[in-house]
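Notes for the structure review
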Amino acid sequence: IEPVQTFESENSSNTRDFLFDSLPDEIRVYEWHSEVIEQLPQDFNLLISSKDSAIEVMVHDHRFIYGIQFHAEIYTPENMDGKIVLQNFFTLVKK
């Protein structure tokens, strides 16, 4: 597993997606991949980018579809950002 990377939110706190509720503007998550998304698919909006990947997180305009490039399921007691992303997603699913 690669070292923890920092990703910056493209959104201000006023337009922030609920997926990142209660997280700072910079989150720390594990990234371990060799593939990147180079262009947003039709009807998707960019939520987060990083120095390593222009598209880290995207969301569909009209449907409940997210795409994330990092591994939110991998987190440590010292770094719970991935867990918070997952908890927020499960909260959205329940609505």
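The structure under discussion appears in the preceding block.
A brief structural summary. (Residues numbered from 1 in each chain as written. Predicted model: local features only at pLDDT ≥ 70, side-chain atom pairs only at ≥ 80, totals over all residues. Heavy atoms only, no water.)

1. A look at the overall build of the chain
- When its secondary structure is counted, the chain shows one helix and five strands.
- Residues counted as buried form 37% of the 95 residues belonging to the chain.
- Of the contacts formed within the chain by residues at least 6 apart in sequence, a portion of 49% connects residues at least 24 apart.
- Summed over its atoms, the accessible surface of the chain is roughly 6,100 Å², and 49% of this surface lies on carbon and sulfur atoms. (Helix = DSSP H or I, 4+ residues; strand = E, 2+ residues; numbered from the N terminus. Buried < 20%, exposed > 50% of the residue type's maximum accessible area, 1.4 Å probe, protein only. Contact = heavy atoms within 4.5 Å. Areas by Shrake-Rupley, 256 points an atom, 1.4 Å probe, with all protein chains shown as cover.)

2. A look at the pairing of strand β4 (residues 57-60)
- Neither face of β4 is exposed, since Val 57 and Val 59 on one face and Met 58 and His 60 on the opposite face are all buried.
- As judged from the four bridges shared by strand β3 (residues 44-49) and β4, these two strands associate in the antiparallel manner. Directly across from Asn 45, in β4, lies its bridge partner Val 59.
- Bridging between β4 and strand β5 (residues 66-68) involves three bridges; their strand directions are antiparallel. (Pairing = 2+ DSSP bridges.)

3. Overview of helix α1 (residues 81-94)
- Taking 1.5 Å per residue as the helical rise, α1 with its 14 residues ought to reach 20 Å, and the 20 Å between its terminal C-alpha atoms agrees with that figure.
- Every buried residue of α1 is accounted for by Asp 81, Gly 82, Ile 84, Val 85, Asn 88 and Leu 92. Around the axis of α1, the buried residues are gathered within 165° of arc, so they sit on the same side.
- Here the buried face of α1 lies against β2 (26-29) and β5. (Expected span 1.5 Å × (residues − 1). Arc of directions from axis to C-beta.)

4. Some points on the environment of Ser 53
- Of note, Ser 53 is situated in the loop between β3 and β4.
- A residue is classified by how much of its surface remains accessible, and Ser 53, at 2% relative accessible area, is buried.
- The spatial distance from the C-alpha of Ser 53 to the C-alpha of Phe 70 is 9.8 Å, given a sequence separation of 17 residues.
- If we skip the residues at most four places from it in the chain, Ser 53 touches Glu 31, Val 36 and Gln 69.
- Here the side chain of Ser 53 touches Ile 55 through a polar contact of 3.1 Å, landing on its backbone oxygen. (Polar contact = N/O pair within 3.5 Å; in protein donor to acceptor, adjacent residues only side chain to side chain.)

5. Points about the packing of aromatic side chains
- Taken as a whole and judged by the stated rule, the model has four aromatic pairs.
- The structure contains a cluster of three or more aromatic residues connected by ring pairs, namely Phe 64, Tyr 66, Phe 89 and Phe 90.
- Looking at Lys 95, its charged tip hangs above the ring of Phe 18, at a distance of 4.7 Å from the centre. (Phe/Tyr/Trp six-rings, centres within 6.5 Å; stacked < 30°, edge-to-face > 60°. Lys NZ or Arg CZ within 6 Å of the ring centre and 35° of its normal.)

6. Remarks on the nonpolar core
- If you look at the biggest cluster of nonpolar residues, it comprises 14 residues, and the most contacted ones within it are Phe 20, Ile 27 and Val 57.
- At the level of elements, β2, β3, β4 and α1 are the ones that each hand at least two residues to this core.
- In terms of residue count, the dominant contributor to this core is α1 (three residues).
- Among all residues touching Phe 20, those that are not within four sequence positions of it are Ile 27, Leu 47, Ile 48, Val 57, Val 85 and Asn 88. (Core = buried A, V, L, I, M, F, W, Y, C linked by side-chain atoms within 4.5 Å.)

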